[in-house]
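Residue-level structure breakdown
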Number of protein chains: 4
Amino acid sequence: MNTFGRIFRLTSFGESHGRGIGGIIDGCPPGIEIDLEYIQNELSRRRPGQSKITTQRMEPDKVEFLSGIFEGKSQGTPIAFIVWNKDQHSGDYNNLKDVFRPSHADYTYQKKYGTRDHRGGGRSSARETIARVVAGAIARLVLRKAGVQVFAYVSQVGEIELAKGYQELDLTLTDQSIVRCPDQETAEKMIARIEEAGRDHDTVGGVITGVVRGVPAGWGEPVFNKLHADLGFGMLGINAVKGFEYGSGFSGTRLSGSQHNDIFIKGEEGIKTKTNHSGGIQGGISNGEDIYFRVAFKPIATLLKEQKTVDQYENEVVINPKGRHDPCVLPRAVPIVEAMAALVLADHYLMQQLYTL
Amino acid sequence: MNTFGRIFRLTSFGESHGRGIGGIIDGCPPGIEIDLEYIQNELSRRRPGQSKITTQRMEPDKVEFLSGIFEGKSQGTPIAFIVWNKDQHSGDYNNLKDVFRPSHADYTYQKKYGTRDHRGGGRSSARETIARVVAGAIARLVLRKAGVQVFAYVSQVGEIELAKGYQELDLTLTDQSIVRCPDQETAEKMIARIEEAGRDHDTVGGVITGVVRGVPAGWGEPVFNKLHADLGFGMLGINAVKGFEYGSGFSGTRLSGSQHNDIFIKGEEGIKTKTNHSGGIQGGISNGEDIYFRVAFKPIATLLKEQKTVDQYENEVVINPKGRHDPCVLPRAVPIVEAMAALVLADHYLMQQLYTL
Amino acid sequence: MNTFGRIFRLTSFGESHGRGIGGIIDGCPPGIEIDLEYIQNELSRRRPGQSKITTQRMEPDKVEFLSGIFEGKSQGTPIAFIVWNKDQHSGDYNNLKDVFRPSHADYTYQKKYGTRDHRGGGRSSARETIARVVAGAIARLVLRKAGVQVFAYVSQVGEIELAKGYQELDLTLTDQSIVRCPDQETAEKMIARIEEAGRDHDTVGGVITGVVRGVPAGWGEPVFNKLHADLGFGMLGINAVKGFEYGSGFSGTRLSGSQHNDIFIKGEEGIKTKTNHSGGIQGGISNGEDIYFRVAFKPIATLLKEQKTVDQYENEVVINPKGRHDPCVLPRAVPIVEAMAALVLADHYLMQQLYTL
Amino acid sequence: MNTFGRIFRLTSFGESHGRGIGGIIDGCPPGIEIDLEYIQNELSRRRPGQSKITTQRMEPDKVEFLSGIFEGKSQGTPIAFIVWNKDQHSGDYNNLKDVFRPSHADYTYQKKYGTRDHRGGGRSSARETIARVVAGAIARLVLRKAGVQVFAYVSQVGEIELAKGYQELDLTLTDQSIVRCPDQETAEKMIARIEEAGRDHDTVGGVITGVVRGVPAGWGEPVFNKLHADLGFGMLGINAVKGFEYGSGFSGTRLSGSQHNDIFIKGEEGIKTKTNHSGGIQGGISNGEDIYFRVAFKPIATLLKEQKTVDQYENEVVINPKGRHDPCVLPRAVPIVEAMAALVLADHYLMQQLYTL
């Protein structure tokens, strides 16, 4: 159950302290120009050690393609890739071998599999998302054909919230701040908040907002695989995610129907809606308006401070991890959110080909 | 793309004004006692006309099984069923034939398929959820074997919010109020709010909380099919749902890691957690604690009042629908939320069998 | 595991002595004209009682559509259908309740499920193929868009073999003989052979040849889902089938490579092959030539004569079934072979859409 | 569409002249001892250059595991692996760049994808089967838990046929002959026949027989995924395979039902059948008897002699390939047939877990 997607499918593999992280993309159409620099750049946006507010682990994370590309183009055959693991300090984890760290997957993996690779979380490590970012980058190359653009940015860190809506922001500015918030003033507050958490050996959560532009009306499946259900499924599969909402979301539950309905009007290029509480999706299918959504990330569980817990023999123990960890996962999660959105949309783009013979 | 689940699978069919709504459940293990009365009762909890705050359409909605059951037990073969459509006033929709109702699926279906059954929303009608409730009831019969219980209740209607957490409530009282809120005082306020919306020919949204008890540690898949990702996917596939969160959800984003982490302790029956911000799921896998989540429903789009819109020839029109519609979908959505949760859990229950040879 | 196909998918349901046999077709594109008369006609080609050499059970087998069709056209939504069971003599089977009939599925079902519907074979009955014929007929309506035609005919009954290859036959004559062999002289011998088997209260096997014309070059998947692998999979899933070969098949194993290779030549409408030992498929992908294959059917196991066997308490018993059964399944299996071929081809037709954006 | 299996799933990647061939096995249960020597040995049985009757290309074909194994055991997580390509003479293929070799996949790939990696057949190369042999070896390690053993041997080369049935052979002797026929006398004739083909710069086909012992009654799915349908699907997906039959196969079509039926008797360890025309499978489900089947391989298409053909500009050309190729693929295909059988059986072994809660 390590495959994502129905037509454009990623199957991922790898543990944080194994040989590497990689995957196979199956279902990518032939003839797509595989812009290696672009893909590597997406991966570098995700890697540790990229700024003062991320972990100082240096993982170069260079992707190596193993198949499916010939003379710079996809061949319609499986595209396999790997990012070799380096800079691993597996020894760091020896003292945690039998311990169930609080709010990690140690305990549940042990219960599920009866065994686990304890080194750095094994398969539950967020390093697995490398595979998603690589595949998501290729999905974005496919989506270029349809004129679709995917954006994400940090809209909340702890209690620091970006007050503006996405329409008021210049989303091309996101990467100009190390926290990946396109509003400079808010970005500075967020950075200060993350630095504070780092000083406290603590962590802080937040929210990432995603925006997709250029999706034509008609993508999505009407019943179970509603476009937003697949988007939500993709986002909820990212480590540390606790919630997903799209369009008016939870706050829309307080509106009346007459406030919430998006009135259709005749626009210059066909039918439009006057407002967009629907978040670009109606009845599970895109309506041509911007798609936007919000993804909640909990504060990550790895704290560089003393915590009580138990080990697998049910003994009480105190742990006090050392090492290099992010106090806030959100800046590095932006390319992951974008990647998952791109995977979902590329899948629906291809599925929509099945409706027109 | 009308199939839900990987092992315990529902494929649904039917339009609101066609012959009926039904489905095939494939992957149900043999030997499950099929308690027809229980299933019919679940369906009746969903049907229209059950109280003064739901639509007065009378649809008896009696389920008829077509296969897979012999001498009262599942056979391991596909269980097909249908609920025949009755009390249809298809003629009511003739004047809406070419119109795109605001925030409905009329426009997007037309764009997707190039055709649509305009009568009552066709396949986009919430009547489709009949198939889910029937299949969910059978999933609950399967889950009984594992001692799993699924609950849901209305925790918010418009701005009326239930202040208590689920731990403070007696969830067996939910159906004693017509609004399906187990707290009597709040229930009365909610009913009043819905009646107000009805008088205004308007609608109101809200939140349903789900609680699952008795799931042992170890269910769920670690990467894409995290238990909460599948739950969220199921919920987001329900009509009118705009958001999903589990455990600490969106509000947990404001906590620090040291506040949010659930410390493991040694309980009487093995390892427990002291708090449950994780919502019973860690690393995508159940940890044996209660699973709880919240589902946001928008106010439904069918208003019995004048609204501007356009038709498929891009003419501006004014519609003023008559008929019988719910001012608030939430009371009737409670069994649907329970059904989707049960489908997801039965699927993971079966998947977990694959890990032990 | 009752679903066939990846994009154009049939999920079937039903037992021979339950309420009926039916299915859901998911993935049929919208806008296909659903020619009900054509579909019913295909079904009638399969039904019992159609001639003196088939069982005299009279099952009218009228298909009833439940969803997915509006104003005569497919809607892109699931097409559900049922054929109600009639003329059931369930009582006939009471004395066989605990008996494992030789070479039937009684014993294996009991071992698999721990339970079984003993009446007429339950789900293992060839009545299940009704669902395939209905879905196959719709697949053929889809394939009309691509100009693809599917034929099958009886080429062997017992030791009576049709000497001519398919190229020497007029395949439109197949249904003019009750045995569905387009060569009149051979047909008569086959009929005599079947009548002989019937008089002996015995049964006889044979071979059906399939031919598909008009498939353009490029359909099929190169590795596991080779076009002939999917065809073979479909055929081997038909009751009583024991073997499948395509193109030169088993006899081609005796040729040398220089005899077997199909030389490419320049034809009037592009590239052709001089011979067609490849059976229209190279590397798993259609090459534009005729696709042809052979399907082996064993003599069916239901004999109207005394046979020794054991019951589920391991007692030795003698059975002597009465009733109405086919001495030879092949004439009625012709539309089933055609249906399975059509399902496979429609699936690959749609899959091929995914390669061109 | 490069995934095989439903529960125990192999997704393969790689081209013959790319970086390497590999795959991901998903769904392998945790706790399986991964016997690396055994796996490498299976792979070596498949590799070129192993005897005087196979190609003299020397490909060491050493498998490298990338994930999913920890302390010698499977973890329940994806097992990725690669065999790096070496000894590639890509330049050999430059003169074939635009040519469609007879009975190869060159033409059909070009038509399907609009592009192709022409070097050594790219993805259509039989080198892809490396992934199957590795995954099949792991499947066999899983099947050991159930006591299942998989055998295959060469039973026909050209017109040289092994007269004995598998019951009369000692299947442990298969690898004692380089042609992998357990009967020494026939083996020698086969070797002579292959050497003759080699001298003629020609090729020769044949048949491989498979035998599976120890499968308990109850494996297999009753309708589309009949155990023999999945076996046939697996075999027909192997390069150069033209046919599949199991049990009595094509020759059984000439028997009468009373000759063909396998009478149930009471054996020492429960119910048995007196004969085994059923090939160990009834109604698609194993009955506890030996499973046996035959797989037809055409003579491979790569001839080291002059042949006429056309290129992609529709010019007539003459090719005269040089290089190192097998005159007969069968000896090296034995481990591939075993691997595919093991993959199918491991999948059904796991599926059967879903029937007992």
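Structural data are supplied above this passage.
Just so you know, the residues in each chain are numbered from 1, in the order the chain's sequence is written. To read the labels, note that chains go from A and ligands from 1, taken in the order they are written. Given that this is a predicted model, residues contribute local features only at a pLDDT of at least 70 and side-chain atom pairs are listed and counted only at 80 or more, while totals for whole chains, interfaces and linings are drawn from all residues. No hydrogens and no water enter the side-chain calculation; it runs on all heavy atoms of the structure.

Side note on the overall build of chain A
Stated formally: The helix and strand labels rest on DSSP assignments: H or I over at least four residues marks a helix, E over at least two residues marks a strand, and numbering proceeds from the N terminus. As defined in this context, the radius of gyration uses C-alpha atoms, and a globule is described by 2.2 Å times the residue total to the power 0.38. For this analysis, residues touch if any pair of their heavy atoms sits within 4.5 Å. Note that accessible areas follow from Shrake-Rupley with a 1.4 Å probe, and for residues the cover is restricted to the protein chains shown.
Scanning chain A from N- to C-terminus turns up seven helices and 19 strands. What you see for chain A is a C-alpha radius of gyration of 21 Å, in line with the 21 Å of a compact globule of 357 residues. Principal-axis analysis of the C-alpha atoms places the extent of chain A at approximately 65 × 50 × 35 Å. Counting contacts in chain A only where the partners sit at least 6 residues apart, residues at least 24 apart contribute 69% of the total. Carbon and sulfur atoms provide 46% of the accessible area of chain A, an area that totals close to 11,500 Å².

Thoughts on the pattern of salt bridges
Where we set the bar: The term salt bridge refers to a pairing of a side-chain nitrogen on Lys or Arg with a carboxyl oxygen on Asp or Glu at a separation within 4 Å. Three exposure classes are used, based on accessible area relative to the maximum for each residue type with a 1.4 Å probe and protein chains only: buried under 20%, partly exposed in between, and exposed over 50%.
According to the stated counting rule, one finds 96 salt bridges over all chains in the structure shown. Across the pair B:R132 and B:E128 runs a salt bridge whose closest N-O atoms are separated by 2.9 Å. Considered together, B:R132 and B:E128 belong to a single accessibility category, that of buried residues. Here C:R46 ties to C:D61 by a salt bridge, and the two come within 3.8 Å at their closest N and O atoms. Here the residue C:R46 occupies a position in helix α1 (residues 36–46), and C:D61 occupies one in the loop between α1 and β4 (63–65), the gap between them amounting to 15 residues. For C:R46, a relative accessible area of 2% gives the class buried. Take C:D61: its relative accessible area is 3%, and that puts it in the buried class. Within this structure, A:E42, A:R45, A:R140, A:D175, A:R180 and A:E338 form a network of salt bridges that share partners.

A few points about the interface of chain D and chain C
What counts is decided by this rule: Using a 1.4 Å probe, buried area is obtained as the accessible area two parts lose upon being combined, added over both of them. Polar contact is defined as a pair of N or O atoms within 3.5 Å, subject to the rule that within protein one atom must be able to donate a hydrogen and the other to accept it, and that residues adjacent in sequence are counted only when both atoms are side-chain atoms. Lys, Arg, Asp and Glu make up the charged group, whereas Ala, Val, Leu, Ile, Met, Phe, Trp, Tyr, Cys and Pro make up the nonpolar group; the residues left over, Gly among them, are polar. Any two strands with at least two DSSP bridges between them are considered paired.
With 105 residues of chain D in contact, the opposing surface of chain C contributes 106 residues. Interface area for chain D against chain C, summed over the two sides, is near 8,300 Å², with a carbon-plus-sulfur share of 61%. D:K112 is the partner of C:E221 in a salt bridge, and the nearest nitrogen-oxygen pair spans 3.8 Å. Inspection of the region where chain D meets chain C yields 33 residue pairs in polar contact (both at pLDDT 80 or more). Broken down by class, the residue content of the side of chain D that touches chain C amounts to 42 nonpolar, 39 polar and 24 charged. Bridging between strand β12 (residues 241–246) of chain C and strand β12 (residues 241–246) of chain D involves three bridges; their strand directions are antiparallel. The partner of C:G243 across the bridge, within β12(D), is D:E245.

Focus on the sheet that holds strand β8 (residues 99–100) of chain B
Strand order in the open sheet formed by three strands is β8-β18-β19 (chain B), and the pairing between neighbours is antiparallel. Each edge of the open sheet carries a strand with a single partner, namely β8 and β19 (316–319) of chain B.

Quick look at the sheet that holds strand β10 (residues 160–161) of chain A
Let me state the cut-off plainly: Axes here mean lines fitted to C-alpha atoms, for a helix over just the part in contact, with angles spanning 0 to 180 degrees between N-to-C directions.
Strands sit in the order β10(A)-β9(A)-β11(A)-β17(A)-β12(A)-β12(B)-β17(B)-β11(B)-β9(B)-β10(B) across an open sheet of ten strands; the sheet is antiparallel. A strand with exactly one partner marks an edge of an open sheet, and here the two such strands are β10 of chain A together with β10 (160–161) of chain B. Where strand β12 (residues 241–246) of chain B lies against strand β17 (residues 291–297) of chain B, five bridges are found, and the strand directions are antiparallel. From the neighbouring strand, B:E245 faces β17(B), where its bridge partner is B:R294. Against the sheet, helix α5 (residues 227–236) of chain A makes contact with β12 (241–246) and β17 (291–297) of chain A together with β12 of chain B, and its axis sits at roughly 160° relative to β12(A), the strand it touches most.

Describing the relation of the copies chain A and chain D
Under the convention used in this document: Residues below a pLDDT of 70 in either copy are left out; the C-alpha atoms of the rest, at least 70 in both, set the least-squares superposition of the copies.
For the pair chain A and chain D, the best superposition has an RMSD of 0.0 Å and corresponds to a rotation of 180° with a translation of 0.0 Å parallel to the axis. Here the transformation between the copies is reduced to the relation of a two-fold axis. Taken together, the interface assignments show that 100% of the residues at the interface of chain A recur at the interface of chain D, consistent with an identical surface on both copies.

Notes on the interface of chain A and chain D
With 36 residues of chain A at the interface, the matching set in chain D holds 36 residues. In this assembly, chain A packs against chain D so that about 2,900 Å² is buried in total across both faces, 59% of it on carbon and sulfur atoms. Counting across the chain A and chain D interface gives two salt bridges. A:R19 is the partner of D:E64 in a salt bridge, and the nearest nitrogen-oxygen pair spans 3.0 Å. Elements supplying a minimum of two residues to the side of chain A that touches chain D: β2 (9–14), β3 (20–26), β4 (63–65) and β7 (79–84) of chain A.

Looking at the packing of aromatic side chains
Formally: Each aromatic pair joins two rings of Phe, Tyr and Trp (for Trp, the six-membered one) with centres within 6.5 Å, and gets the label stacked for planes under 30 degrees apart, edge-to-face for over 60, and tilted for any other angle. Think of it as a cone above the ring: NZ of Lys or CZ of Arg counts as a charge over the ring if it is within 6 Å of the ring centre and within 35 degrees of the ring normal.
Throughout the structure, instances matching the rule amount to 50 aromatic pairs over all chains. Relative to D:F4, the ring of C:F224 lies with its centre 5.3 Å away and its plane at 50°, an arrangement referred to as tilted. One end of the pair, C:F224, is in the loop between β11 (206–213) and α5 (227–236); the other, D:F4, is in strand β1 (residues 3–4), on a second chain. With respect to class, C:F224 is no different from D:F4; both count as buried. The side chain of A:R144 reaches across the aromatic face of A:Y38, ending 4.9 Å from its centre.

A few points about the packing of helix α3 (residues 129–144) of chain A against helix α7 (residues 330–352) of chain A
All names here are of chain A. Put simply, the rule reads: For classification purposes, an angle smaller than 35 degrees is called roughly parallel, one larger than 145 roughly antiparallel, one from 65 to 115 roughly perpendicular, and anything else oblique. The hand of a helix crossing depends on one turn: near helix anticlockwise from the far one by less than a right angle means left-handed, and clockwise means right-handed.
Relative orientation of the contacting elements α3 and α7 amounts to 50°, with a least axis distance of 7 Å. Judged by the angle between their axes, α3 and α7 are oblique. In terms of crossing hand, the pair formed by α3 and α7 is left-handed. Counting all contacts with α3, which are made through T129, R132, V133, A135, G136, A139, R140, V142 and L143, the residues of α7 involved are P335, I336, E338, A339, M340, A342, L343, L345, A346 and Y349. Residue composition of the contact of α3 with α7, grouped by class: 14 nonpolar, two polar and three charged.

A look at the relation of the copies chain D and chain C
With an axial shift of 0.0 Å and an RMSD of 0.0 Å, the rotation relating chain D to chain C amounts to 180°. Taken as a fraction of all interface residues of chain D, those also at the interface in chain C reach 100%, which identifies the copy contact as same-surface.

A look at unusual backbone geometry
Residues other than glycine predominantly adopt negative phi, and peptide bonds predominantly adopt the trans conformation. Residues and elements named next belong to chain B. You will see that A240, though not glycine, has its phi angle at about 80°, which is positive. Its place among the elements puts A240 in the loop between α5 (227–236) and β12. On the accessibility criterion, A240 (17% relative accessible area) is buried. Backbone geometry places E314, a non-glycine residue, at a positive phi of 70°. Assignment of secondary structure puts E314 in the loop between β18 (307–311) and β19. The class for E314 is partly exposed, based on a relative accessible area of 29%.

Description of the pairing of strand β7 (residues 79–84) of chain D
Residue and element names in this part refer to chain D. Burial within β7 is extensive, with five of its six residues counted as buried. Pairing geometry for strand β3 (residues 20–26) and β7, over six bridges, is antiparallel. Looking at the pairing, G23 lines up with F81 of β7. Where strand β4 (residues 63–65) lies against β7, three bridges are found, and the strand directions are antiparallel. Across the sheet, residue F65 finds its bridge partner in β7, namely F81.

What to know about helix α4 (residues 184–199) of chain A
All names here are of chain A. To keep it simple, the criterion reads: What a helix is expected to span follows from its residue count: subtract one and scale by 1.5 Å. In this description, one arc is meant: the one made by directions from the helix axis to the C-beta atoms.
Taking 1.5 Å of rise per residue, 16 residues should cover 22 Å, and α4 covers 23 Å from first to last C-alpha, within 8% of that figure. Of all the residues in α4, the buried ones are T186, A187, M190, I191, R193, I194 and A197. What you see down the axis of α4 is that its buried residues fit within an arc of 165°, all on one side. Exposed residues lying more than 90 degrees from the buried face of α4 are Q184, E185 and R199. Of the surrounding elements, those touching the buried residues of α4 are β9 (149–157), β10 and α7. Phi turns positive one or two residues past the end of α4, at H201, with a value near 55°.

Quick word on the side chain of D:R332
All names here are of chain D. Here R332 lies in helix α7 (residues 330–352). For R332, a relative accessible area of 10% translates into the label buried. At 2.5 Å, the side chain of R332 forms a polar contact with the side chain of D326. In contact with R332, not counting residues within four places along its chain, are R45, R46, R47, P48, Q50, T54, T55, R180 and D326.

Considerations on helix α3 (residues 129–144) of chain D
Here α3(D) contains 16 residues, and its C-alpha end-to-end distance of 22 Å stays within 8% of the 22 Å for a straight helix at 1.5 Å per residue. The buried fraction of α3(D) amounts to 15 of the 16 residues, a majority that puts the element mostly inside the structure.

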